[in-house]
Amino acid sequence: MRYLAAALGILALTGCVVSGPGPNETTGALAGAGAGALLGSQLGAGSGNAAAIGAGAVLGALVGGGIGSSADCANAAYAGAYPPPVYYPPPPVYRYPPPYYYPPPPAYYR
């Protein structure tokens, strides 16, 4: 019964998405929630087991969703959805006095 409650909690949390996430963000959130719930079930004991499962699912969903979101941004940048960064060349460096070339001394000074 408690696994059903954890699964329903995970589905309720992933259903709160407002502005269409990318496919990697959704997959990352679901995988992170599942892994977090599994880790929480291993760490929790006694009456705190349900809380550990819930906390693990929430934290796993946040971490997995964040990783998936950054992957979606990288994919969009690679696909050309964002303009390329603008290159600003460095300003010229003026030195005073200018460097001079000093030729080697003639051979008769040696």
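The model shown is predicted, which means the values in this text are computed figures rather than measured ones. (Residues numbered from 1 in each chain as written. Predicted model: local features only at pLDDT ≥ 70, side-chain atom pairs only at ≥ 80, totals over all residues. Heavy atoms only, no water.)

**A short note on the overall build of the protein chain**
Our working rule: Only DSSP runs of H or I with at least four residues qualify as helices, and only runs of E with at least two residues qualify as strands; both kinds are numbered from the N terminus onward. In this analysis, two residues are considered to be in contact whenever any of their non-hydrogen atoms come within 4.5 Å of each other. Note on areas: these come from Shrake-Rupley sampling with a 1.4 Å probe, and a residue is covered only by the protein chains present in the view.
Scanning the protein chain for helices and strands turns up 3 helices and 0 strands. Reading the helices (α) and strands (β) of the protein chain from amino to carboxyl end gives α-α-α. Of all intrachain contacts in the protein chain linking residues separated by at least 6 positions in sequence, the fraction that spans at least 24 positions is 64%. Working note: accessible area of the protein chain is about 8,700 Å², and carbon and sulfur atoms make up 70% of it.

**Digging into helix H3 (residues 49-79)**
Each α-helix turn comprises 3.6 residues. Residues three or four places apart therefore point the same way. As a reminder of what qualifies: A helix is expected to reach a length of 1.5 Å times the quantity of its residues less one. We call a residue buried when its accessible area falls under 20% of the maximum for its residue type, exposed when it is over 50%, and partly exposed in between, using a 1.4 Å probe and counting protein chains only.
Taking 1.5 Å per residue as the helical rise, H3 with its 31 residues ought to reach 45 Å, and the 44 Å between its terminal C-alpha atoms agrees with that figure. Looking at H3, one finds that the buried residues are Asn49, Ile53, Gly56, Ala57, Gly60, Ala61, Gly64, Gly65, Gly68 and Asp72.

**Observations concerning helix H2 (residues 23-43)**
Between its terminal C-alpha atoms H2 stretches 30 Å, which fits the 30 Å expected from 21 residues at 1.5 Å a residue. Residues of H2 that are buried include every one of Gly28, Ala29, Gly32, Ala33, Gly36, Ala37, Gly40 and Ser41, and no others.

**Considering the side chain of Asp72**
Filter applied, for reference: Any pair of N or O atoms that falls within 3.5 Å is considered a polar contact. Within protein, one atom must be able to donate a hydrogen and the other to accept it, and sequence-neighbouring residues count only if both atoms are side-chain atoms.
Its location among the elements puts Asp72 in helix H3. Taking the relative accessible area as the measure of exposure, Asp72 reaches 15% and is therefore buried. A polar side-chain atom of Asp72 sits 3.1 Å from a polar atom in the side chain of Asn24. If near-sequence neighbours (up to four positions away) are discounted, Asp72 is found in contact with Gly22, Pro23, Asn24 and Glu25.

**Overview of the environment of Gly66**
By the secondary structure assignment, Gly66 is in helix H3. Remark: the alpha-carbon pair of Gly66 and Ala29, spanning 37 residues in sequence, is separated by 7.8 Å.

**Regarding the confidence of the model for the protein chain**
Rule in force here: On a range of 0 to 100, pLDDT expresses the predictor's confidence in each residue.
Put simply, the protein chain has an average pLDDT of 78, and 73% of its residues get 70 or more. Here helix H1 (residues 2-14) is the element of the protein chain with the lowest mean pLDDT, 65, and H2 is the one with the highest, 89.

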